[in-house]
Amino acid sequence: MIPRALPSRRAILLALAGAVVLLLAFAPIASADWLTPESGGGTPNAEKIDTLYKIVLYIGIVIFVLVEGLLITAIVRFRRRRGGPEPAMVHGNTPLEVGWTIGAALIVAVIAAITFVFLPGIKNPVDSSANGLQQLAGVEFASVPQPSPPSGKALRINVVGQQYIWRYDYVSARPRLTENRPVFAYESMVVPTNTTVVLQINSADVAHSWWIPKLGGKADAIPGHNNYTWFKIKKPGVYKGQCAELCGNNHADMFAQVHAVPPDKFEAWLTQQRQEILASQQALAAQRKAGEGQ
Amino acid sequence: MATQEYAGQGPLTPPRVNGGVARPEVALRGIKDQPTGWLSWLSTTDHKKIGLMYLYSTFLFFMLGGVEALMMRLQLAESQNTLIAPDTYNALVTMHGTTMIFLFVVPVLAGFGNYFVPLMIGARDMAFPRLNALSFWLLIFGGILFYVSVFFTPPNTGWTFYAPLSDNAFNPSNGVDAWIFLIHLTGLSSVLGAINFIATIHNMRAKGMGWARMPLFIWGILIYSYLLVLALPSIAAAVTMLLTDRHFGTGFFDVAQGGDPLLWQHLFWFFGHPEVYIMILPVFGMISEIIPVFSRKPIFGYKAIAASTAAIAFLGMLVWAHHMFTTPTPIVVLAFFMLSSFAIAVPTGIKIFNWIATMWRGALVFKVPMYFAVGFIAQFLIGGISGVMTAVFPVDWQLQDTYFIVAHIHYVLFGGSVFGIFAGLYYWFPKMSGRMMSEALGKVSFWLMFIGFNVTFLVQHSLGLEGMPRRIYSYPTANGWGAQNFVSTVGSFILAAGILVTLFNVVRSVKIGKKAGNDPWSANTLEWFVQSPPPENNFDVIPRVRSAEPMKDIRREVAAAGRPAGSVAQPVAPGT
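Throughout what follows, the structure given in this document is the object of discussion.

1. Comments concerning helix H6 (residues 216–247) of chain B
Residues and elements named next belong to chain B. The terminal C-alpha atoms of H6 lie 46 Å apart, and with 32 residues this matches the ideal 46 Å at 1.5 Å per residue to within 8%. Maximal helix bending in H6 amounts to about 30 degrees, located at Ala-231; proline Pro-233 follows within four positions. Looking one or two residues beyond H6, the residue adopting positive phi is Gly-249, at roughly 75 degrees.

2. Quick word on the pairing of strand S2 (residues 165–169) of chain A
Residues and elements named next belong to chain A. Alternating positions in S2 separate cleanly, Trp-166 and Tyr-168 being buried on one face and Ile-165, Arg-167 and Asp-169 remaining unburied on the opposite face. Relative to S2, strand S1 (residues 155–162) is paired through five bridges, and the arrangement is antiparallel. Residue pairing across strands places Val-159 opposite Tyr-168, the latter belonging to S2. In sequence, S1 turns back onto S2 through a hairpin of two residues. Strand direction decides the pairing type here: S2 and strand S3 (residues 184–186), joined by three bridges, are antiparallel. Counterpart to Arg-167 in the pairing with S3 is Tyr-186.

3. Structural notes on the environment of Met-209 of chain B
Residues and elements named next belong to chain B. Along the polypeptide, Met-209 turns up in the loop between helix H5 (174–203) and H6. Separated by 341 residues in sequence, Met-209 and Pro-550 have C-alpha atoms that sit 9.2 Å apart. What Met-209 contacts, discounting residues up to four positions off in sequence, is Ile-121, Gly-122, Met-214 and Val-545.

4. Considering the interface of chain A and chain B
Each partner contributes residues to the interface: chain A has 70 residues there, and chain B has 69 residues. Of all the secondary-structure elements, those providing two or more residues to the side of chain A that touches chain B are helix H2 (32–35), helix H3 (44–77), helix H4 (94–123), strand S7 (219–221) and strand S9 (237–242) of chain A. With 14 residues, H3 of chain A is the largest single contributor of residues to the side of chain A that touches chain B. Each residue belonging to the side of chain A that touches chain B can be placed in one class, and the counts come to 40 nonpolar, 20 polar and ten charged.

5. A look at the packing of helix H11 (residues 368–391) of chain B against helix H13 (residues 403–433) of chain B
Residue and element names in this part refer to chain B. Interaxial distance between H11 and H13 falls to 8 Å at its minimum, and their mutual angle equals 160 degrees. On the basis of the axis angle, H11 is roughly antiparallel to H13. Of the two possible hands of crossing, H11 and H13 adopt the one that is left-handed. Broken down by class, the residue content of the contact of H11 with H13 amounts to 15 nonpolar, ten polar and no charged.

Definitions and cut-offs
- Residues numbered from 1 in each chain as written.
- Chains lettered and ligands numbered in written order.
- Predicted model: local features only at pLDDT ≥ 70, side-chain atom pairs only at ≥ 80, totals over all residues.
- Helix = DSSP H or I, 4+ residues; strand = E, 2+ residues; numbered from the N terminus.
- Expected span 1.5 Å × (residues − 1).
- Bend = angle between axes of the 7 residues up to and from the residue.
- Buried ≥ 20, exposed ≤ 12 C-beta atoms within 10 Å, placed from the backbone.
- Pairing = 2+ DSSP bridges.
- Contact = placed C-beta atoms within 7 Å.
- Nonpolar A, V, L, I, M, F, W, Y, C, P; charged D, E, K, R; others polar.
- Axes fitted to C-alpha atoms, helices over the stretch in contact; angles between N-to-C directions.
- Parallel < 35°, antiparallel > 145°, perpendicular 65-115°, else oblique.
- Left-handed = near helix turned anticlockwise from the far one by under 90°.

Spelled out as structure tokens, the structure:
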């Protein structure tokens, strides 16, 4: 049926189409990290987003291959040929059109259903493990969209974005600086492994967005609003990220990192951080006094 | 008898109307001599001249926006590059987005609409010709006002101008004010233009052109116009609130005064998302005109395509908060906007299937407009699929504000809209200029643009997945994003080369292109009935429309009357 004088252009097109299909079929396996969101810290929310993404991606690849395949087939097969017959004047086909409308609706309905299956595991924090940080305060989030872990206990850190640095207040961790003031840190957030950490995020000036790719999705820091996210890291290590919402000239330099350490090291860090802050505050007070005396 | 109405050769017999009373149908507008030279452009109310001015000026803005994009790509070509300072980079981000959206894609569609709506519906001008001229001049002054800020302090907040970053406390520069006035001027221009389109399309269609016989491009422009009228007031209100926040002490977006920055985001995206459909629906219309002409087959499922245009516009008003999935917003709201965004995929999918079905078992003629139209389908599909992926809001928590989104919008707006606009340019250039564009140069341009576009933007999906946020002027070497960014930059220059080839093709063809004749493509719609370029009054005799493909009917009847195919033309009016 195919004419013998097959134009080389057609062969090239076919080969191209084949290559695209093969590439798409093998790419996700060959370079999984290239085509999927970051994960790998062992935090369940990031892993579940990764899985959900992959499911949607695979559905997308099937649709892509199918539709581009039809398009390429049409280009190759239905070119006008000299002396060829006039095409039939088809104006439509109602059953076919109803069919693909229902088909498209079914596909998105399936994706919606899968999303709702995965959603609780992404949004709701899990309990800390037995080898996590033991002394944890209850998390009280009345009337906020962020549910608390089943045990009600998590390490809570307030994250405040400001141009162009992140500040972390360890509101539910002991030791504190004073009864009211928590230990704090900038840019690098030290957290215990195997412990559920709930972040309350807001901003001191313009909109920012908190994002450590390996630890799950973003949460915008909007002035006047509290946003929430959580993670529970299995693997100790440094997880890097940066502000994801344009916040001014040095937006690109607003880095953040989460340094996950075993719980005992975390407690040691907390004590040390407290001492360093107190020492620097005393030094500052002394300096001020000296300045007043002059 | 019927053929005499439109295909007359020799003396024109006046058509009969009810009652048998003859009425002259030749309407010449020349009461006084039209001015010539440059003055004729300044003072014109002719929809074709205004349309051409829209096209010239918006392509100029397209070039400016493109140069801005290339500068950004150069800066990002390697990690920790110091070519461009951060504030300049942010200004480029802002200028590029604003230019491409407000000064290129939206008005270029108004330009095509201006030129072709009256011709395609069989009218002699737009309903309100002077209002039409006003629309154009408002656009020009908006663009000039905005670009003058380059010499002072251009805005640097991104085209979204999120408060409070755009508020006085953080951005006292007058660039933000220049942008506010750009929005007002171009917005007014678009609303007036939209009202004009609506009035024209509702009232001035040729006899017999019922709603189900209207060209699909006209459907696209009609729905585009309704969307503009519905969506633009929201951003007009928002920028006015921003203006009073900045200069008159109000606090709409200032938390300290009881305002809310999220209000800006809602108002902005309530306009911003319909804007995406404003930028794509007329292009869908162009594709729906071009595919059947070059497939030598009627459009498959005319009614489904027209209805899905309306459905997309309706649903498009209900999806705006999918740009805000990472903001502090209750899950139930996020779920609603995910489902409404999914719903849009259905009518969009219908269109893609209908286009492919139109090509199926056709006799495809691969001229340059068809190359761009097929490229449009292939690339827009990718943008559509990545759109469904980002609509899954837990997944979007990872994708939002990254290069994945940059890639997604460019697959929709460049791989989609701009490729469609190029298809339209190559398709209609013979009508506007009377000359054909070079096929060879057109194909070179297409392949450069197709390869360049995909090299630039495909790899950006992966950059976003690896954690590269958008709108950063620099990135650390340790992140390992250098190679992909370099590939993307190389691609952007291939793309730019492809666009320059088309620019050269236009300049060359205007002068030395082959004469086109009235109907070089054997097309289906009425603009091909008149001379190329069309006379000032468009139609001496307005043909009666008997189907959605009036030119096909005319050709058939001429053939049946035994006249040569070349005689399908309106008679030349005396004195022209």
